[in-house]
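Spelled out, the chains give:
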Amino acid sequence: MYKLWEDSGFFNPDNLPKVSKQKNFSIIMPPPNANGALHMGHALFVTLQDIMIRYKRMQGYKTLWLPGADHAGFETQVVYQKKLEKEGRSFWEVPKDKLYEEILAFTLENKKHMESQLRQLGASCDWGREKFTLDDDIKKIVYETFKKLYDDNLVYKAERPVNWCTRHQTTLSDLEIKHEERKDKLFYVRYKFENSEDYIVVATTRPETIPADIAIAVNPKSKWNKYVGKKVLNPLTQEAILIISDKRVEISFGTGALKITPYHDALDFEIYKDHPELPASKSVINKFGAIENSGTKLDGLKILPAREKSIEILKFSLDKEPEDYVHQVSICYKCNTLIEPRIMNQWFIKTTEKSKTGSKSLRDLAIDAVKTKKVKFVTKKFEKIFMHWMKNLRDWNISRQIVWGIKIPAWYHEPICIPKKGHEGDVVKCNEIIISMDEPICEFCDAKFIQESDVFDTWFSSGQWPFASLMSTHNKNDFKDFYPTDVMETGWDILFFWIARMIMLGTYKTGKVPFKTVYLHGLVRDKDRQKMSKSKGNVIDPLGVADIYGADAIRMSLVVGTAPGNDPVISEDKIRGYRNFATKIWNATRLITMRGSSTIPEKPNYTNEDKKTLKEFEKFKKTVIKDMDAYRFHEASNKIYHYFWHTFADKILESSKARLQDENKKVKETATAFLIKLLTEQLKLLHPFMPFVTEAIWQELYGGKKILMVEKL
RNA sequence: GGGCACUUAGCUCAGUGGUAGAGCGCCUCGCUUACAUCGAGGAGGUCGUGGGUUCGAUCCCCUCAGUGCCCACCA
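Summary of the structure given here. (Residues numbered from 1 in each chain as written. Chains lettered and ligands numbered in written order. Predicted model: local features only at pLDDT ≥ 70, side-chain atom pairs only at ≥ 80, totals over all residues. Heavy atoms only, no water.)

## Some thoughts on the sheet that holds strand 7 (residues 177–192)
Link 1 in the chain: One open sheet holds the three strands; their spatial order is 8-7-13, and the pairing between them is antiparallel. Looking at strand neighbours, the two that pair on one side only are strand 8 (199–204) and strand 13 (318–332), the edges of this open sheet. The average undirected angle you get between the axes of adjacent strands in this sheet is 20 degrees. (Pairing = 2+ DSSP bridges. Helix = DSSP H or I, 4+ residues; strand = E, 2+ residues; numbered from the N terminus. Axes fitted to C-alpha atoms, helices over the stretch in contact; angles between N-to-C directions.)

Here you go:
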């Protein structure tokens, strides 16, 4: 059946029959990560999007579903790193260039599989327009956006607190860290005044960072305030450090005094920045999470051993017994490694500030888009969650120290200027940084530019996907015709990662929102409401199940009874139930074709009862259409299922048996015509949900002369 | 600490301002020439608690109690 559809050319909107006043309808497929097999989550998005696309196509819209594949930067690198480790190879020892080539090959191989799996699930997307996130033309657009942001002063590179994963050796955005409750100790450490036995007490969970302390900040209302301006000795290095006052220090926590370690704590860094009287700060923890340059015996130790060692050294400086302390720590969302807050020179996107030319901040662009209903959420609760998140938005770290991704198109001037011939002695001002796709040439000197080695956060490029993909297909009109797209359908788990970024970047770059409606689905769960995971052994493989019960059965079981935004609950029992339904449709058809007349009159003389039934069906159909238009696919599918089984099969077919085999040819013909008519109408309604069975029956009924996929609904 | 939800039949979930629905499970009967991957019939719910609005609430508003999720720089 899929071949029939694909060969028909109707996945391509340019080939669809022209209809007067034809409207366009477009969905950009969230490009699946090309780093593994498709899972139930993919089956879910295929089902929902294919339902919308097939429905609109049958209604005569010029319908585009644009497929893609995502290189999925960090995600794929993590998958590949695991694969190498399984094979006994060391990820870190493979040269970067080679690693990139290997991951590229791995990704392209997965991409091929993925495409065939999408076909098995019935995805009626236009393969001729398929895009890959690493296509050259996509990269070019991503670079252009970056350049525009840079020129608008919305991108900057600076030393800021970032989340560092010591295992993956990269920074992560605030969204890529999880929080976990940990039981630690809270240590009370005395910092003595110079030449005095007097001291100030500071509570800390991280005594190993004491060598990097450059100050003590006290709350102005605390009892320590009288010491502001005086100096105490760092208990591990014996260096004198200043006591400063800052109201960001919580008076109720610990002792109301906070040690300031700018390089190892984000709040400390903020306070440090606002106190110019403080000396330069230093880092004592390296990128592997070990102490270095501390000037103490802690050097060379990893964090936890260093903590123990520091307490051993500080034994006589402890004010009282350490307290048990339960708090939230940040961990890497992939490997659960403790995130080390570090101050690093990184690229950031300003999300809350106006551009140089005074236009709205990215955040305000997105908030306005939603407020003015240019972007609507099918499920209102997600709009609330979205708005709440936008309100608390902070700048976005977009540089990653990984190999698998799009390199940031920034070039750094070599440190030494070599003046061009004839320009010796000129006072030259070479650009230190140039944003460019290709290697720039310095206009003043012969020095070279060295490219930034960091790559973009994948979501920076994915955030541009709707316009980037539409701008780079073979049909030059696609962007004009299909942007803004009609629906963005994806999982709610990437509401912030992706939806928010697409609205910000899409609106910023094109002046138009990337999509009009956001439909978010949930996480597929098993019959006990558990997440599917390999370790739990409750994973249902959609392709494996499709082999047994058919893709239609999976599609139905993912849709029926799952309201938008909710987590679908799926089990083999449920899938089997809808397989039975597919069989029921077959059998019902067989009854009509076997017992009914082989010829049907052009204009059947329906009985009054027939007319009444058809009229009732029309009414029924209208309620289904209403559900479809309101994205209530769970209702629509449920209704058709019931009508077919319990009205059509159980009542209408049962009561028509006698007529079907009536000796009077006319009676028989009319009955057959009536039942075929009713069956046909139902097949149309069912097609978006169960495309394979319905099309197969259609082909039998109409002898290959028409394709149900493009029948008028 | 902030936010968003949820609480409906044994289980998983839909749904509506006007005497409650599905799938699966359960019980009884039926191998009737489309289908036992089936058919006919049935048991089973005071729609979490307490208030309010209303002629009328499971559905709207408030309270409380559970449950889940998201966000978050009290060291």
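## Overview of empty space enclosed by the protein
Link 1 in the chain: Applying the stated criterion to the full structure yields one cavity of 30 Å³ or more.
Link 2 in the chain: Of the volumes computed, that of the largest cavity is approximately 50 Å³.
Link 3 in the chain: The wall of the largest cavity is formed by L44, L48, Y519, H521, G522, L558, T562, A563, P564, G565, N566 and P568.
Link 4 in the chain: Broken down by secondary-structure element, the contributors of at least two residues to the lining of the largest cavity are helix 2 (40–58) and strand 23 (515–521).
Link 5 in the chain: Of the residues contributing to the lining of the largest cavity, the split by class is seven nonpolar, five polar and no charged. (1 Å grid on protein atoms, 1.4 Å probe; cavity = no way out; pocket = protein on both sides within 12 Å on 5 of 7 lines; lining within 4 Å. Points joined across faces, edges and corners; volume = space filled by probe spheres on them. Nonpolar A, V, L, I, M, F, W, Y, C, P; charged D, E, K, R; others polar.)

## Observations concerning the environment of S173
Link 1 in the chain: Tracing the sequence through the fold places S173 in the loop between strand 6 (170–172) and strand 7.
Link 2 in the chain: The spacing of S173 and S399 is 226 residues in sequence and 8.9 Å in space, taken between C-alpha atoms.

## Things to note about the pairing of strand 18 (residues 410–413)
Link 1 in the chain: Neither face of strand 18 is exposed, since A410 and Y412 on one face and W411 and H413 on the opposite face are all buried.
Link 2 in the chain: Summarising the sheet, strand 18 and strand 19 (residues 433–435) pair through three bridges and their orientation is antiparallel. What sits directly across from W411, in strand 19, is I434. (Buried < 20%, exposed > 50% of the residue type's maximum accessible area, 1.4 Å probe, protein only.)

## Focus: the nonpolar core
Link 1 in the chain: Residues F386, F460, F581, F633, F648 and F689 are the most contacted members of the largest nonpolar core, which totals 164 residues.
Link 2 in the chain: Counting residues per element, this core draws most heavily on helix 18 (residues 633–660), at 12 residues.
Link 3 in the chain: Judged by nonpolar contacts, the second largest core, of 30 residues, contains L186, F187, I243 and L298. (Core = buried A, V, L, I, M, F, W, Y, C linked by side-chain atoms within 4.5 Å.)

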